[in-house]
Amino acid sequence: MWKFAIGKTQQPTINQKSNGMKNHYGKKSMLALAAMMLVPAFSMQAGWGTAETPAVVYKAGQIESMHTARTGDGKTYISWIEWSGIMGDGYNVHMQLLDADGNAMWGEEGFVLETKPNASWTADYSLVATPEGDAVISWADAREDPEGNYQSQTPVLYKINQQKEMLWGEDGVFLGDEYHFPPVLYQVGGDIYAKIYSADEVGPTVLVRLDDKGDFATEPMEFGGMIAPSIDGDFIGVYMGETGTEAMRYNRDMQPVWSAPAVVSSQLYQGYDIEPYVLASDGMGGVVVSFIRPLGMFGHMPIVQYITADGEAVFGEAADVIVTEAYDHMYPVLAVDTDDQEIFCSWQISLGAAMLGGQEFDFFGERLWGDDAKVLVDKDDPSGFTFGPMAAGSLSDNTWLLCYADELGCNQNQMYLATFNHDGDKVWNRQIGDVCAVIDHSCYLENNDYYIIWINEVTDDDWNTERMIQTVKVSDLTSGVSEMTSDYAQKDIDAYYSLDGARHNNPVKGVNIVRYTDGSSRKMMVK
């Protein structure tokens, strides 16, 4: 079944948790039904893979916890961990850098970043790219523990450039035993922020901005949520607050910008994911937020809220994606059409159904696909296997792009790319590779190119298991597929009205009601 951890998918999504925000699909190590399949020959190959033939970047027996980060010049950092092979020494951290054409720049084996002893269990870590094209990675090890008794998870930060030079030293920046576990890293403009966990079980989680040497550039601020870039170098933090789930905009000095927090929802996330929010940019310094609220005794429901750069929670109370008490609704992904000011959300539907749900909101919280939403993909599967949304994006031809997996069995998934118009109708659907495992994955939508990077797992008839990092690049997502344009773009505007009823010849700052010559109207927000 689907399981998500810290992961980010990037499109116009932030989270890059974007970061890209990448999500983790089925993070499992079980051998599964794939063991009954004939294992194809996977060989290393140069360049990005295609939808028909994914490329293999690296393969080994025990690849775990993959993260990726894209640079401004089109390169891609990939990190992962592997068992050291030495009892008691834990895991080593590995990296690879792909050039813009998808070729491995650091040789077939990549680069081993860290080999210091650590515990036999791990916590998730982070990888981000700087505007200069370097990589910063967080980790935790037990370098100061007595030999043979490696239990600590003391955090450390490394910075490496494209020439494999360790810019913060071979030993990195060791944060000290007052902290615990790898920090979560966020990249905001030219700054990197680190969310760091206290070694004290009741101590606070803190957020700091790092300087160019990896030291603290600000005093630690108590903060346990997630952040997304805003404007003017600021960021918006989303967190559990006194009134529910709250948001606050902060400047680079970690000072609040708004006079009071915005209330995202009176509901709180009640699961175990330490990065529970899906965040997407509105293109104007605001953020769209989604997370899961409880539904009944065992179910869940994705909710959506829009917070502007000025701190307004536009929807009022966050909106459920669908009005129903049936089934279980999980794992939302978001995309934003910043031109038409509309929001797309897709999610998994299970426990009595096997579907992908879809909903479109305007920037004012109206469910444009109705209270019943849309069923984007469905199947009849009595075994309980369903679909998993991986990432979503907005394309220039006014369609929504959705990357998803059809779960056929344990560690057996078929990936697809599909587009849907603003009525919720499918425009096209394309298979990605063959049936495979989809363990940690990252997706990036950049211009008209789509990149998918994931860990696959194959098992032969003798139960020998091998994992590999695979890549796919799909281009020309709109060329020759859909020539649709925005309905609004084809209409003639009669006038603009502000909320006080005054007529204007041009849009004014704030909420505008746009009246068209055919008598229709819509709301539009101008910053």
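Our structure's up above, just so we're on the same page.
Residues numbered from 1 in each chain as written. Predicted model: local features only at pLDDT ≥ 70, side-chain atom pairs only at ≥ 80, totals over all residues. Heavy atoms only, no water.

Engineer: Hey, could you run me through the sheet that holds strand S2 (residues 63-70) in this one?
Structural biologist: Each strand in a sheet pairs with its neighbour through backbone hydrogen bonds, running either in the same direction (parallel) or in the opposite one (antiparallel). Read across the open sheet, the four strands follow the order S2-S3-S4-S5; overall the sheet is antiparallel. Whereas interior strands pair on both sides, the edge strands pair on one side only; in this sheet they are S2 and strand S5 (111-114). The average angle at which neighbouring strand axes cross in this sheet is 30 degrees, direction not considered. Strand direction decides the pairing type here: strand S4 (residues 91-98) and S5, joined by three bridges, are antiparallel. Directly across from Val93, in S5, lies its bridge partner Glu114. (Pairing = 2+ DSSP bridges. Helix = DSSP H or I, 4+ residues; strand = E, 2+ residues; numbered from the N terminus. Axes fitted to C-alpha atoms, helices over the stretch in contact; angles between N-to-C directions.)

Engineer: Is there a simple way to think about the sheet that holds strand S14 (residues 226-229) in this case?
Structural biologist: Taken together, four strands build an open sheet; the order of strands is S14-S15-S16-S17 and the sheet is antiparallel. Lying at the two open borders of the sheet, with one neighbouring strand each, are S14 and strand S17 (262-265). Put simply, the sheet's adjacent strands are angled 30 degrees from each other on average, direction ignored. As judged from the seven bridges shared by strand S15 (residues 235-241) and strand S16 (residues 244-250), these two strands associate in the antiparallel manner. Within the sheet, the bridge partner assigned to Tyr239 lies in S16 and is Glu246.

Engineer: Quick question: what am I supposed to make of the pattern of salt bridges here?
Structural biologist: In a structure, side chains of opposite charge can pair up when their charged atoms sit close to one another. Within this structure, the stated rule accounts for 18 salt bridges. With its nearest N and O atoms 3.3 Å apart, the salt bridge here joins Glu64 to Arg467. In this pair, Glu64 sits in strand S2 while Arg467 sits in strand S32 (residues 465-474), placing the two residues 403 residues apart along the sequence. By relative accessible area, Glu64 is classed as partly exposed at 23%. Judged by its relative accessible area of 4%, Arg467 falls in the buried class. (Salt bridge = Lys/Arg side-chain N within 4 Å of Asp/Glu carboxyl O. Buried < 20%, exposed > 50% of the residue type's maximum accessible area, 1.4 Å probe, protein only.)

Engineer: Explain the packing of aromatic side chains to me, please; I cannot follow it from the model alone.
Structural biologist: Working definition: an aromatic ring pair is given by the centre-to-centre distance plus the angle between the planes. Applying the stated criterion to the full structure yields 18 aromatic pairs. A ring pair is formed by Phe223 and Tyr239, whose centres lie 5.9 Å apart and whose planes are at 65 degrees; its orientation type is edge-to-face. Within this pair, whereas Phe223 is found in the loop between strand S13 (221-222) and S14, its partner Tyr239 is found in strand S15, the two being separated by 16 residues in sequence. Of the residues examined, Phe223 reaches a relative accessible area of 4% and is grouped as buried. Pairwise contacts between aromatic rings join Tyr77, Trp106 and Phe111 into one cluster. The ring centre of Tyr451 lies 4.2 Å from the NZ or CZ of Arg70, which sits over that ring. A cation over an aromatic ring shows up here: Lys379 above the ring of Phe387, its NZ or CZ 5.0 Å from the ring centre. (Phe/Tyr/Trp six-rings, centres within 6.5 Å; stacked < 30°, edge-to-face > 60°. Lys NZ or Arg CZ within 6 Å of the ring centre and 35° of its normal.)

Engineer: Looking at this structure, how should I read the nonpolar core?
Structural biologist: Grouped burial of nonpolar side chains is what soluble globular proteins tend to show. In terms of nonpolar packing, the biggest core is built from 31 residues, with Tyr193, Leu207, Ile227, Phe235, Ala247, Leu279 and Val289 touching the most fellow members. Every element with two or more residues in this core is listed here: strand S10 (179-188), strand S11 (191-198), S14, S15, S16, S17, strand S19 (287-295) and strand S20 (299-307). Broken down by element, the residue count for this core peaks at four residues, all from S15. Counting 25 residues, the second largest nonpolar core, distinct from the first, contains Leu334, Val336, Trp347 and Met355. (Core = buried A, V, L, I, M, F, W, Y, C linked by side-chain atoms within 4.5 Å.)

Engineer: When you look at the side chain of Asn456 in this model, what are you seeing that I'm missing?
Structural biologist: On the secondary structure map, Asn456 appears in strand S31 (residues 449-459). Polar side-chain contacts of Asn456 include one of 2.9 Å to the side chain of Gln470. (Polar contact = N/O pair within 3.5 Å; in protein donor to acceptor, adjacent residues only side chain to side chain.)

Engineer: Just checking my understanding: could you explain the pairing of strand S28 (residues 412-420) for this structure?
Structural biologist: Taken residue by residue, a regular strand's side chains alternate between the two faces of the sheet. For S28, a buried count of nine out of nine residues is recorded, marking the element as mostly surrounded by other parts of the structure. Residue alternation in S28 divides its side chains into two sets, Gln412, Gln414, Tyr416, Ala418 and Phe420 and Asn413, Met415, Leu417 and Thr419, and both sets are buried. In textbook terms, the turn of a hairpin is the stretch between consecutive antiparallel strands, and for strand S27 (residues 400-409) and S28 this stretch comprises two residues, one of which, Asn411, has a positive phi near 55 degrees. Examined bridge by bridge, S28 and strand S29 (residues 426-436) share seven bridges and lie antiparallel to one another. Residue Tyr416 lies in a different strand from S29, and its bridge partner there is Gln431. Connecting the antiparallel pair S28 and S29 is a turn made up of five residues, with Gly424 showing a positive phi of about 85 degrees.

Engineer: When you look at the environment of Ile343 in this model, what are you seeing that I'm missing?
Structural biologist: Examined against the element boundaries, Ile343 turns out to sit in strand S23 (residues 342-350). Among the residues examined, Ile343 registers a relative accessible area of 0% and is labelled buried. Counting along the chain gives 25 residues from Ile343 to Leu368, while the straight-line C-alpha distance between them is 9.6 Å. Once residues within four sequence positions are removed from consideration, Ile343 is found in contact with Val288, Phe315, Leu334, Ala335, Gln359, Glu360, Phe361, Asp362, Phe363 and Trp400. (Contact = heavy atoms within 4.5 Å.)

Engineer: Help me understand the pairing of strand S12 (residues 206-210) in this model?
Structural biologist: Of all the five residues making up S12, five are buried; the element is thus mostly covered by neighbouring parts of the structure. Across five bridges, S11 lies against S12 in antiparallel orientation. Within S12, the position partnered with Ala194 by the bridge is Val208. Direction of pairing for S12 relative to S13: antiparallel, over a ladder of two bridges. Paired with Val206 across the bridge in S13 is Glu222.

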